[in-house]
Amino acid sequence: MSVHKDLIKHAANQNKTYQEFLTLDQQREIYIEEAIELCKQGNPFSTDKINEVTNMINNINLRFIPTRKNVSVEMVQDYVKSITKNQ
């Protein structure tokens, strides 16, 4: 019976950690979109918040969560250039 309870506890902990990942990943996407919009408008922007959340995601210890790359200002600028060329 103890093993069963341990398995339930382990599954609950993994689910909690996965939910944290989902929240952080969503926040990361919001920060990326904000940086893209600021860049499109020619306003100054930073990738600090993006990378802070990225590092938090990469520190989550679940095998099935892929690591995320840190984002540089140049990466955002290059992306904005590529999407404005295609419009």
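Remember, predicted model here, so these are calculated numbers, not experimental data.

Brief notes about the nonpolar core
Working step 1: Core analysis: the biggest nonpolar cluster contains 17 residues, and Ile50, Ile57, Ile60, Ile65 and Val76 have the highest contact counts within it.
Working step 2: Residue assignment for this core shows that the elements contributing at least two residues are α1 (2-40), α2 (48-58) and α3 (73-85).
Working step 3: Take this core: its biggest share by element is 7 residues, from α1.
Working step 4: If we skip the residues at most four places from it in the chain, Ile60 touches Thr17, Phe21, Leu24 and Ile65.

A look at the packing of aromatic side chains
Working step 1: Tallied over the full model, the rule gives 2 aromatic pairs.
Working step 2: Plain terms: the ring middles of Tyr18 and Phe21 are 5.8 Å apart, the flat faces sit at 35° to each other, and that makes the pair tilted. Highlighted residues: Tyr18 and Phe21, both in helix α1, separated by 3 residues, approximately one helical turn.
Working step 3: An angle of 50° between the planes, with centres 5.7 Å apart, marks the rings of Tyr18 and Phe64 as tilted. Highlighted residues: Tyr18 in helix α1 and Phe64 in the loop between α2 and α3, separated in sequence by 46 residues.
Working step 4: With a relative accessible area of 52%, Phe64 lands in the exposed category.
Working step 5: The rings of Tyr18, Phe21 and Phe64 are connected pair by pair, giving a single aromatic cluster.

A few points about the confidence of the model for the chain
Working step 1: Residues of the chain with pLDDT of at least 70 account for 98%, and the chain-wide mean is 93.
Working step 2: By mean pLDDT, α1 is the weakest element of the chain at 94, and α2 is the strongest at 97.

Reading the values: the criteria
Within any chain, residue numbers begin from 1 and follow the written order of that chain's sequence. Where totals are concerned, whole chains, interfaces and linings use all residues; where local detail is concerned, this predicted model gives features only for residues with pLDDT of at least 70, and gives and counts side-chain atom pairs only at 80 or more. Here the side-chain values reflect all heavy atoms present in the structure, with hydrogen atoms and water set aside. Only buried Ala, Val, Leu, Ile, Met, Phe, Trp, Tyr and Cys residues count toward a nonpolar core, and they belong to the same one when joined by side-chain atoms within 4.5 Å. Residue burial is assigned from relative accessible area. The probe radius is 1.4 Å, only protein chains are included, and a residue is buried under 20% of its type maximum, exposed over 50%, and partly exposed in between. In this description a helix means any DSSP run of H or I spanning at least four residues, a strand means any run of E spanning at least two, and both kinds are numbered starting from the N terminus. In what follows, residue pairs with any heavy atoms lying within 4.5 Å of each other are defined as contacts. Here a pair means two rings of Phe, Tyr or Trp (six-membered ring of Trp) with centres within 6.5 Å. Their orientation is stacked below 30 degrees between planes, edge-to-face above 60, and tilted elsewhere. As a per-residue measure, pLDDT reflects the predictor's confidence and takes values from 0 up to 100.

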